[in-house]
Amino acid sequence: DFLEFGEEAEAEQALQILQSDEIREWVIAQYNLYEHYQIKPEGKFAKTKMMKKFAKNVTFRRTEFNSVEISVLDEDPNIAAGMANDIAARLDSVKNRIQKERARGGLKIVEAEYLFLQSQIQLMSDSLDKIRSMGINDYASQSEVINKEYATAVSKGDQRAIKALEEKIGLLSKYGGAYVALTDNLELYRKQLSEIKLKYDQARVDAEQNIPHKMVVNYAYPADRKTYPKRSMIVLGATFATFCMTIFFLIGLENWRRYKLELKNLKQNQA
């Protein structure tokens, strides 16, 4: 249903695709992240470093409303917002590619069955046309009428009519069974063809059309303040560090004074 959203299964599928190598490698190439993150591509463990950096800066989570939240951290807020929006847009492309690969395989199977049924129906129709050309158009009604006429001809002793009717009865006996079997099978095959035609049309749509799989609730926008490091935390940390250093300095100074005093007293005692 194109109007439904917030399903748990679809949210989990979206998360799986968003965390795929295909999307990660596409974003890395699209934004030249090796250069942006100052990682030398030919350097040692370059790929590992990139994956760790990407995993740290780009995160996905399922919300309590079964939507998916994409968060991107970067020194440049415009790049962060662009990456988040592009990742969301890329979700449709990747999911359509995955589904099309499966749909094309299913389409081949359904198409083969559809064409086979068509060929069988054509073959049976040709056989029925040949039988009808011999004068058998409706086995049940013709048999009933001919048998009545034959009985009447016999009762009247009309040898000419009896001979003509016997030829028709012989023809019905020879091809009547085939006519009935072909008629019944043709009806069954046409019913099957109608059912598989629906599957064939659906499989062709799945294999050829690009279907939107996401609805964006909120697009990403450049943040107007840093996520980290926050200035207040820097100031607080610097203040705490200064306080600690001052305490250590005062303790050290006091210990030095005590040491000097003890050393002076020791010298006086020795004198």
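Look up a bit, the structure's there.
About the thresholds
- Each chain has its residues counted from 1, following the order in which its sequence is written.
- Only residues with pLDDT of at least 70 are given local features in this predicted model, and only at 80 or more are side-chain atom pairs given and counted; all residues enter the totals for whole chains, interfaces and linings.
- For the side-chain quantities, the full set of heavy atoms in the structure was used; hydrogens and water were omitted.
- Put simply, a salt bridge is a Lys or Arg side-chain nitrogen that is within 4 Å of an Asp or Glu carboxyl oxygen.
- Comment: elements are numbered from the N terminus, with helices defined as DSSP H or I runs of at least four residues and strands as E runs of at least two.
- Only protein chains enter the area calculation, which uses a 1.4 Å probe; residues under 20% of their type maximum are buried, those over 50% are exposed, and those in between are partly exposed.
- Directions are taken from the helix axis to each C-beta atom, and the arc is the one they span.
- By the convention used here, residues are in contact when the closest approach between their heavy atoms is within 4.5 Å.
- Only the stretch in contact is used when a helix axis is fitted, and all axes are lines through C-alpha atoms; the angle between N-to-C directions ranges over 0 to 180 degrees.
- Any angle that is under 35 degrees is reported as roughly parallel, and any over 145 degrees as roughly antiparallel; angles of 65 to 115 degrees are reported as roughly perpendicular and all others as oblique.
- Throughout this entry, Asp, Glu, Lys and Arg are counted as charged residues, while Ala, Val, Leu, Ile, Met, Phe, Trp, Tyr, Cys and Pro are counted as nonpolar. The remaining residues, Gly among them, count as polar.
- The definition of a polar contact used here is a pair of N or O atoms within 3.5 Å, where within protein one atom must be able to donate a hydrogen and the other to accept one, and adjacent residues in sequence count solely through side-chain atom pairs.
- At least two bridges found by DSSP between two strands are what make those strands a pair.
- Stacked, edge-to-face and tilted are the three classes for Phe, Tyr and Trp ring pairs, Trp counted by its six-membered ring, which pair at centre distances within 6.5 Å; planes under 30 degrees apart are stacked, over 60 edge-to-face, the rest tilted.
- Think of it as a cone above the ring: NZ of Lys or CZ of Arg counts as a charge over the ring if it is within 6 Å of the ring centre and within 35 degrees of the ring normal.
- The span you would expect from a helix comes to 1.5 Å times its residue count less one.
- Exposure above 30% relative accessible area and no salt bridge define the residues that can form patches, which grow by joining like charges within 9 Å and nonpolar side chains of Val, Leu, Ile, Met, Phe, Trp and Tyr within 5 Å.
- With residues, only the protein chains shown are counted as cover, and all accessible areas are computed by Shrake-Rupley using a 1.4 Å probe.

## Thoughts on the pattern of salt bridges
Stage number 1. Summed over all chains, the structure comprises nine salt bridges.
Stage number 2. A salt bridge links Arg-62 to Glu-12, with the shortest nitrogen-to-oxygen separation between them at 2.8 Å. Residue Arg-62 is located in strand β1 (residues 58-62), and its partner Glu-12 is located in helix α1 (residues 8-18); the two are separated by 50 residues in the primary sequence.
Stage number 3. Accessibility expressed as a relative area gives 31% for Arg-62, which makes it partly exposed.
Stage number 4. For Glu-12, a relative accessible area of 37% gives the class partly exposed.
Stage number 5. Residue Arg-24 pairs with Glu-25 through a salt bridge whose shortest N-O separation is 3.7 Å.
Stage number 6. Classification of Arg-24 as buried rests on a relative accessible area of 11%.
Stage number 7. Members of the salt-bridge network, linked through shared partners, are Asp-21, Arg-24, Glu-25 and Lys-47.

## Looking at α1
Stage number 1. Among all positions in α1, only Ala-11, Ala-14, Leu-15, Ile-17 and Leu-18 are buried. Considered in projection along α1, the buried side chains sweep an arc of 165° and stay on one side of the axis. Across from the buried face of α1, at angles greater than 90 degrees, the exposed residues are Ala-9 and Gln-16.
Stage number 2. In this structure, the buried side of α1 is in contact with α2 (21-30), β1, β2 (68-72) and α5 (77-133).

## Topic: the packing of α1 against α5
Stage number 1. Here α1 crosses α5 at 100°, and the two axes come no closer than 10 Å. Relative to α5, α1 is oriented roughly perpendicular. Where α1 abuts α5, its residues Gln-13, Ala-14, Ile-17 and Leu-18 lie against Ile-87, Leu-91, Val-94, Lys-95 and Ile-98.
Stage number 2. Along the lines of polarity and charge, the residues of the contact of α1 with α5 split into seven nonpolar, one polar and one charged.

## Description of the side chain of Arg-24
Stage number 1. As for its position among the elements, Arg-24 is in helix α2.
Stage number 2. Among the polar contacts listed, one links the side chain of Arg-24 to the side chain of Asp-21, at a separation of 2.8 Å.
Stage number 3. Those residues within four positions of Arg-24 in sequence are excluded, and the remaining contacts are Met-51 and Phe-54.

## Side note on the pairing of β1
Stage number 1. As judged from the five bridges shared by β1 and β2, these two strands associate in the antiparallel manner. Its bridge partner being in β2, Arg-61 is matched across the sheet by Glu-69.

## A few points about the packing of aromatic side chains
Stage number 1. Scanning the model with the defined rule gives one aromatic pair in all.
Stage number 2. A cation sits over an aromatic face here: Lys-53 above Tyr-37, 5.5 Å from the ring centre.

## Topic: α5
Stage number 1. Taking 1.5 Å of rise per residue, 57 residues should cover 84 Å, and α5 covers 81 Å from first to last C-alpha, within 8% of that figure.
Stage number 2. Between the side-chain oxygen at the start of α5 and the backbone nitrogen of Asn-78 there is a gap of 2.9 Å, and the oxygen is on Asp-76.

## Re a nonpolar patch on the surface
Stage number 1. A contiguous nonpolar surface patch, about 670 Å² in accessible area, is contributed by Phe-240, Phe-243, Met-245, Ile-247, Phe-248 and Ile-251.
Stage number 2. We classify Phe-243 as exposed; its relative accessible area is 52%.

All quantities given are derived from atomic positions and should not be read as evidence of function.
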